[in-house]
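Overview (structure and organization)
Here are the chains, one letter per residue:
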Amino acid sequence: MTKRKIAILGPIPRDTIITYQGDKIKNYGCITHPAVALSKLEESHLEIIPVAHVRKNDEAPIKEMLQPYSQINLEHITSDQDRGNVIRLEYVDQNKRMEKQLGMMNPIVPEDIKDLMDCEAFVFLPISDFEITLETLQFIKKNSKGIIIFDAHGPTNGVATNGTRFHKFWVDMKAWLPYIDILKMNLEESQCCYVKPEYSLDELAKEQKLDTNHLPDLAEECLNAGLKTLIITVDADGCLIFTKEEGKIKQTKVPSMKMESVVDTTGCGDTFAGGLAYGLLNNSGDLIVASKYANALAARRTQGKTFDVFKTIQETEKMMIEYYGSI
């Protein structure tokens with residue numbers, strides 16, 4: 001049987017994480033979470049291809065960590081320029097964290113992915129605004145039929161000269177949207193993607209409350225600019241799916257899977273995006289079903305500090321049926 005290929009593109013940062021409970025975790029994060037989550041579904045027909053640039057002294061430990069997962073192709077994790085992300089995260093509560101970036105990877109460009117055009121999905125998970133080039137998305141659109149899923153976390157986050165990470169407006173978003181099939185973001189990131197015309201930046205700075213009032217307008221703006229689907233995660237409430245049907249914006253909500261205890265939320269958004277790709281490929285593009293897979297894998301990610309939290313497809317779908325009543 002021919003394997004179905006999913007490329008997961010972005011950094012593999014060397015992370016130091018201080019959880020809100022005070023525990024200290026050191027690992028390699030970001031695209032490793034969805035790569036392992038999909039591999040542990042144990043679907044023999046699936047090939048997961050992480051694409052990342054790392055430091056030379058990190059390449060061997062990263063590949064050693066991922067080696068046990070037979071579905072993961074390690075050939076596109078490279079260290080030619082000896083540049084990779086080094087991140088420190090300190091959580092104030094379950095979701096809010098302070099971030100410091102101590103190293104930066106060189107961007108992923110078309111040359112890095114030219115032999116991956118047979119992938120059925122490309123999941124882009126940048127965490128800063130320099131890691132993916134627009135030309136890379138344009139190259140894929142021109143040469144592949146694969147679905148492009150893109151996380152807005154990257155273009156809405158910058159790095160200051162002292163390493164402090166900060167939120168920023170995604171000013172050229174409309175230039176990217178025609179080359180993205182599904183754009184995924186959280187509420188905080190959504191506020192970096194839409195500015196009400198009557199607001200000044202000074203007025204925006206005074207607004208602290210995260211709400212969903214602006215989301216229909218943001219969705220209309222994105223979908224009118226060439227995006228096919230906008231998915232916004234709304235914390236514990238789940239996710240909102242925005243599509244355009246017969247000229248009208250349609251909004252659908254898929255509830256999250258609430259877990260009794262939360263140990264660590266690092267990588268939840270990345271894992272959500274990987275689950276979304278898996279669900280779309282295995283359910284004929286059904287966005288609601290795909291979002292259930294995404295929620296299930298993200299929920300599993302919160303349950304511990306290691307990759308042991310991820311389960312087989314049988315266990316995952318059993319959990320989905322128990323929670324949602326169906327897949």
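Residues numbered from 1 in each chain as written. Predicted model: local features only at pLDDT ≥ 70, side-chain atom pairs only at ≥ 80, totals over all residues. Heavy atoms only, no water.

**Topic: the sheet that holds strand β2 (residues 14-18)**
Spatial strand order, β3-β2-β6-β7: 4 strands in an open sheet with mixed pairing. The two strands at the open ends of the sheet, each matched to only one other strand, are β3 (24-28) and β7 (97-103). For this sheet, the mean angle separating the axes of adjacent strands, direction not counted, is 15 degrees. One ladder, built from 5 bridges, connects β2 with strand β6 (residues 86-91); its direction is parallel. Across the sheet, the residue bridging to Asp 15 is Ile 87, located in β6. (Pairing = 2+ DSSP bridges. Helix = DSSP H or I, 4+ residues; strand = E, 2+ residues; numbered from the N terminus. Axes fitted to C-alpha atoms, helices over the stretch in contact; angles between N-to-C directions.)

**Examining the packing of aromatic side chains**
In total, this model carries 8 aromatic pairs according to the counting rule given. Where Tyr 69 meets Phe 307, the ring centres are 6.3 Å apart and the plane angle is 85 degrees; that geometry is what we call edge-to-face. On the criterion of sequence distance, the pair formed by Tyr 69 in the loop between α2 (56-66) and β5 (77-78) and Phe 307 in the loop between α10 (287-301) and α11 (313-324) is long-range, its members being 238 residues apart. Overall, Tyr 69 belongs to the buried group, its relative accessible area being 18%. Among the residues examined, Phe 307 registers a relative accessible area of 13% and is labelled buried. Judged by centre distance (5.9 Å) and plane angle (40 degrees), the rings of Phe 124 and Phe 150 are tilted. Placement of Phe 124 in strand β8 (residues 121-124) and of Phe 150 in strand β9 (residues 147-151) is noted, with a sequence separation of 26 residues between them. Just as Phe 124 is buried, Phe 150 falls in that class too. By the ring-pair criterion, three or more aromatic residues cluster together here, those being Phe 124, Phe 150, Trp 170 and Trp 176. (Phe/Tyr/Trp six-rings, centres within 6.5 Å; stacked < 30°, edge-to-face > 60°. Buried < 20%, exposed > 50% of the residue type's maximum accessible area, 1.4 Å probe, protein only.)

**Considerations on the sheet that holds strand β12 (residues 182-186)**
Here 9 strands make up an open sheet; going across it, the order is β5-β4-β1-β8-β9-β12-β13-β14-β15 and the pairing mixed. Lying at the two open borders of the sheet, with one neighbouring strand each, are β5 and β15 (248-254). Judged from the 6 bridges that link them, strand β1 (residues 4-9) and strand β4 (residues 46-53) form a sheet pairing that is parallel. Residue pairing for β4: Lys 5 is matched across the bridge by Glu 47. The strands touched by helix α8 (residues 215-224) within the sheet are β12, β13 (229-233), β14 (239-245) and β15, with β14 carrying the most contacts at an inclination of about 45 degrees. Contacting β12, β13, β14 and β15, α10 runs over the sheet at an angle of about 160 degrees to β14. (Contact = heavy atoms within 4.5 Å.)

**Examining the pattern of salt bridges**
Per the counting criterion, the structure on display carries 16 salt bridges. In this structure, the salt-bridge partner of Arg 88 is Glu 90, at a minimum N-O distance of 3.8 Å. Overall, Arg 88 belongs to the partly exposed group, its relative accessible area being 36%. Residue Arg 165 pairs with Glu 99 through a salt bridge whose shortest N-O separation is 2.4 Å. Here the residue Arg 165 occupies a position in strand β11 (residues 165-167), and Glu 99 occupies one in strand β7, the gap between them amounting to 66 residues. (Salt bridge = Lys/Arg side-chain N within 4 Å of Asp/Glu carboxyl O.)

**Points about the packing of α10 against α11**
Viewed as axis vectors pointing N to C, α10 and α11 meet at an angle of 105 degrees, and their least axial separation amounts to 10 Å. Regarding the angle of α10 to α11, the classification is roughly perpendicular. Counting all contacts with α10, which are made through Lys 292, Tyr 293, Asn 295, Ala 296, Leu 297 and Arg 300, the residues of α11 involved are Ile 313, Thr 316, Glu 317, Met 319, Met 320 and Tyr 324. Looking at the contact of α10 with α11, its residues break down into 7 nonpolar, 2 polar and 3 charged. (Parallel < 35°, antiparallel > 145°, perpendicular 65-115°, else oblique. Nonpolar A, V, L, I, M, F, W, Y, C, P; charged D, E, K, R; others polar.)

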